[in-house]
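Chain by chain, the residues run as shown.
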Amino acid sequence: MNDDFLHQMREAPGPEFLAELKGKLDRQRLPVPPRPRRSSFVRGLITGLFLAGAGLAIAAVTLDDVPAHLRALVRAPMHLLARVLSGGGGQRPEQGNSQGHHGAVPLGPAWFPTHPQAGASAGVPPSATRQATAASGATAAQDAPAVVSEILTVAATSTTFTLAQLAAGQYKAPNARARVELSADPFMRLCAGQPYGSPEVIEVAQRMSADYSRSCTNNGLRDIIEVRLGSQAIVLARARQSGPLKLSSRDLFLALSRQVPDPTQPGHLINNPNLTWDRIDPALPASPIEVIGPEPGSPAGQLVLELVLDAGCKDALAATAAIRGIGYRGYEEICRSWREDGLYRPSYLARGRIVDYLVNNPTVIGVLTFEQFTRIQDKLLAVSIDGIEPTEANVANGTYPLSRGVYMYGVKRRVLGSPTFKAFVRYNMDAKSLLGNDPNGWGFVELDADERTAILTNVDAKH
Amino acid sequence: MGQPDRSTERLSTDELDWDALYADLAPRVYNYFRYRMATNADAEELTSRTFERAWRSRALYRHDLAGFSTWLFKIAQNVGIDYRNRQRFHLPLEAASNVALEATPERDAELSSDLARLARLTAKLPERERELIALKYGASLNNRVIAGLTGLSESNVGTVLHRLVKSLRAQWFGRESVGDE
């Protein structure tokens, strides 16, 4: 279904709006869950007793033959109430209210006082902003731009959009900003060579192919620059007591894809029937396939989808006639569709809870960011993929299958010398303190410090 | 080997990562309203109302009944319905036509934007079909979740969307569609 034109109308909400709304929500106390309702029998009993007591009181007051002591007992509360209302004895109702007032919270939007203006940067959590400021204070000062009036247009894919948007939100300068647009094919837009409407830079999670390079050249763009910003990486992990697990990319695809090759009819696809790992490969454990990770429709979920399924699809379906000549749309349908029968489940467990959940459910595999996993390696074991462990070195050199580089491309003559471009690159790379704990930076892994310094020096030096 | 039944697992409120939920879902709710309302201001307003309502009642969220995004988008749908009903009652058509809108660069940009163009193309579609477009392309929901929100079957959702996209594409690019490319 060629529906790019509908996807491309999405845009990110303004960072100021997001921060302001987040502030309002954070100020809400967690509401107390409603108390369990009493059973209908108990309610009926109480109602019955109340009605009976009221009937008795009425009878005691009105009937002539009721004993005097009973009549006095019924009348006593009425006398007390009369004394209270006349002001003698006990507190006046008005005094009682003011002394007992607990500042009840009114309902409705009037809850929220006007929030003072957000601090340094909008669009990111205040803690992350403080960390970013502390970590990159010197660099931010260096990047204080001259007053220029420019908009740096950035085209990004769905999995790099949030990173680019965060970096753009960090850059504050009078009359200058980076504007990030979602694009299904940023390379095509960059290399189209149009004088107007083309982005100045693109942020993508793959290197420029030879075909696109030729396209750029043919359209007169011979001075394309490439800047490596970092990597995106995920780790599959499970409880240590389950022991090591080695999977191939093909295994992952056959476990988690919506459609897989029909083992009885080569060349055809069927809805995924594999419920246990040994159905995929008898050498694997006979335990149920259960994976928890980001929600499929989210940017993090899209990242996981692409990393987990892409590599295995080509291998698993190489001999399948169903994918020959299917084109890009068919590839998306077959090679990038999660199974939807609950064996891959979205999880919003707080970080501290993920470890406990996986330890208590040792057959479940969790999808974590590289940063998350490095902090909890004492409790969880990474699943090796194609015999390769998720280490910093393997992520940096691109050999770890569930990782890929993040790159920026631009037309040299249009961007070098631009303070907006230099600052945008710097903010995109300075991720560790800013994005490490920020959901929007999910999966991003910084470059090695030396490599980062070398690249930034290069970007700053070329005028 | 049977799969363990985790359908009744109930997570307590403090086990959920609310920051992650917000970061993931706020842009999607925002875009859902953009696709329904076609103005960013309305989208921000309704996104705020949705999250305020959801956050007030998040202790009532039951993990065993629905995914969180399904629960949140049900709230968003109700917020949208309330808003449209109020618009209908408080702004009669005659009054709307007489409102002189101030011409501003922002307003001009909004009116000529792709989203406004989409709103014009979908204005005559049934409510259900406009909702499907917003849930699929604004909220980035899959057909299964959309089916749960709209009461349609999953295959019905896919069929209707396919037909809608084909028709919109033809109108958008001003030529007869020759099939999926």
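Conventions we followed
Residues numbered from 1 in each chain as written. Chains lettered and ligands numbered in written order. Predicted model: local features only at pLDDT ≥ 70, side-chain atom pairs only at ≥ 80, totals over all residues. Heavy atoms only, no water. Helix = DSSP H or I, 4+ residues; strand = E, 2+ residues; numbered from the N terminus. Buried < 20%, exposed > 50% of the residue type's maximum accessible area, 1.4 Å probe, protein only. Contact = heavy atoms within 4.5 Å. Areas by Shrake-Rupley, 256 points an atom, 1.4 Å probe, with all protein chains shown as cover. Disulfide = S-S within 2.5 Å. Polar contact = N/O pair within 3.5 Å; in protein donor to acceptor, adjacent residues only side chain to side chain. Pairing = 2+ DSSP bridges. Expected span 1.5 Å × (residues − 1). pLDDT = per-residue confidence, 0-100. Axes fitted to C-alpha atoms, helices over the stretch in contact; angles between N-to-C directions. Parallel < 35°, antiparallel > 145°, perpendicular 65-115°, else oblique. Nonpolar A, V, L, I, M, F, W, Y, C, P; charged D, E, K, R; others polar.

1. Examining the overall build of chain B
Right, so step 1: The helix and strand tally for chain B stands at nine helices and zero strands.
Right, so step 2: Within the span of chain B, comprising 181 residues, buried residues form 47% of the whole.
Right, so step 3: Taking contacts inside chain B between residues at least 6 apart in sequence as the whole, the part at least 24 apart equals 65%.
Right, so step 4: As displayed, chain B has an accessible area near 9200 Å², and 52% of this comes from carbon and sulfur atoms.

2. A few points about the environment of Asn219(A)
All names here are of chain A.
Right, so step 1: When you line up the elements, Asn219 lands in the loop between helix H10 (210-218) and strand S4 (224-239).
Right, so step 2: Looking at Asn219, the relative accessible area reads 37%, which means it is partly exposed.
Right, so step 3: In this structure the C-alpha to C-alpha distance between Asn219 and Ala192, which are 27 residues apart in sequence, comes to 6.6 Å.

3. Considerations on the state of the cysteines
Two cysteines form a disulfide when their sulfur atoms are joined by a covalent bond.
Residues and elements named next belong to chain A.
Right, so step 1: Within the structure shown, the criterion is met by two disulfides over all chains.
Right, so step 2: There is a disulfide in this structure between Cys191 and Cys216, and the S-S distance comes to 1.9 Å. Across the S-S bond linking Cys191 and Cys216, the dihedral sits near -65°, which makes this disulfide left-handed. Highlighted residues: Cys191 in helix H9 (residues 186-191) and Cys216 in helix H10, separated in sequence by 25 residues. Side by side, Cys191 and Cys216 carry an identical accessibility label, which is buried.
Right, so step 3: Each disulfide pairs two cysteine sulfurs, and for Cys313 the partner residue is Cys335, the sulfurs being separated by 1.8 Å. Where Cys313 bonds to Cys335 through sulfur, the torsion about that S-S bond is close to -50°, and the disulfide is left-handed.

4. Topic: the side chain of Asn31(B)
Right, so step 1: Locating Asn31(B) in the fold gives a position in helix H1 (residues 18-37).
Right, so step 2: Using a relative accessible area of 3% as the deciding quantity, one classes Asn31(B) as buried.
Right, so step 3: A distance of 2.9 Å separates a polar side-chain atom of Asn31(B) from the backbone oxygen of Pro27(B).
Right, so step 4: Each residue touching Asn31(B), except ones within four places of it in the same chain, is listed here: Met9(A), Arg10(A), Glu11(A) and Gly138(B).

5. Some points on the pairing of strand S3 (residues 201-204) of chain A
Residue and element names in this part refer to chain A.
Right, so step 1: Side-chain alternation along S3 places Val201 and Glu203 on one buried face and Ile202 and Val204 on a second face that is also buried.
Right, so step 2: Where strand S1 (residues 150-156) lies against S3, three bridges are found, and the strand directions are parallel. Bridge pairing links Ala156 to Glu203 in S3.
Right, so step 3: The sheet contact formed by S3 and strand S13 (residues 403-411) spans four bridges and is antiparallel. Paired with Ile202 across the two strands is Tyr409, which belongs to S13.

6. What to know about helix H9 (residues 154-173) of chain B
Since one α-helical turn is 3.6 residues long, residues separated by three or four positions face the same way.
Right, so step 1: Taking 1.5 Å as the rise per residue, H9(B) with 20 residues should run 28 Å; its terminal C-alpha atoms sit 28 Å apart, in good agreement.
Right, so step 2: Among all positions in H9(B), only Val157(B), Val160(B), Leu161(B), Leu164(B), Val165(B), Leu168(B), Arg169(B), Ala170(B) and Trp172(B) are buried.
Right, so step 3: Next to the buried residues of H9(B) lie helix H1 (4-7) of chain A together with helix H6 (114-122), helix H7 (127-138) and helix H8 (143-150) of chain B.
Right, so step 4: Gly174(B) occupies a position one or two residues after H9(B) and carries a positive phi of about 70°.

7. Examining the confidence of the model for chain B
Residue and element names in this part refer to chain B.
Right, so step 1: Residues with a pLDDT of 70 or more make up 71% of chain B, whose mean pLDDT is 76.
Right, so step 2: Across chain B, H7 holds the top mean pLDDT of 93, while helix H4 (residues 93-98) sits lowest at 41.
Right, so step 3: Segment residues 1-10: pLDDT under 50, and 25 contacts once partners within four positions in sequence are set aside and those in other chains are kept.
Right, so step 4: Taken together, the stretch residues 91-101 has pLDDT below 50 and engages in two contacts with residues farther than four places along the chain or on a different chain.
Right, so step 5: The complex model carries a pTM of 0.60, and its ipTM stands at 0.80.

8. Some words on the confidence of the model for chain A
Right, so step 1: Looking at chain A as a whole, its pLDDT mean stands at 75, while 70% of the residues score no less than 70.
Right, so step 2: Confidence drops under pLDDT 50 across residues 88-149 of chain A; counting only partners more than four residues distant or on other chains, this segment forms 60 contacts.

9. Notes on the packing of H8(B) against H9(B)
All names here are of chain B.
Right, so step 1: Between H8 and H9, whose axes approach to 8 Å, the crossing angle comes to 105°. The orientation of H8 with respect to H9, classified from their angle, is roughly perpendicular. Where H8 abuts H9, its residues Asn143, Arg144, Ile146, Ala147 and Thr150 lie against Glu154, Val157, Gly158 and Leu161.
Right, so step 2: Classifying every residue of the contact of H8 with H9 by side-chain character gives four nonpolar, three polar and two charged.

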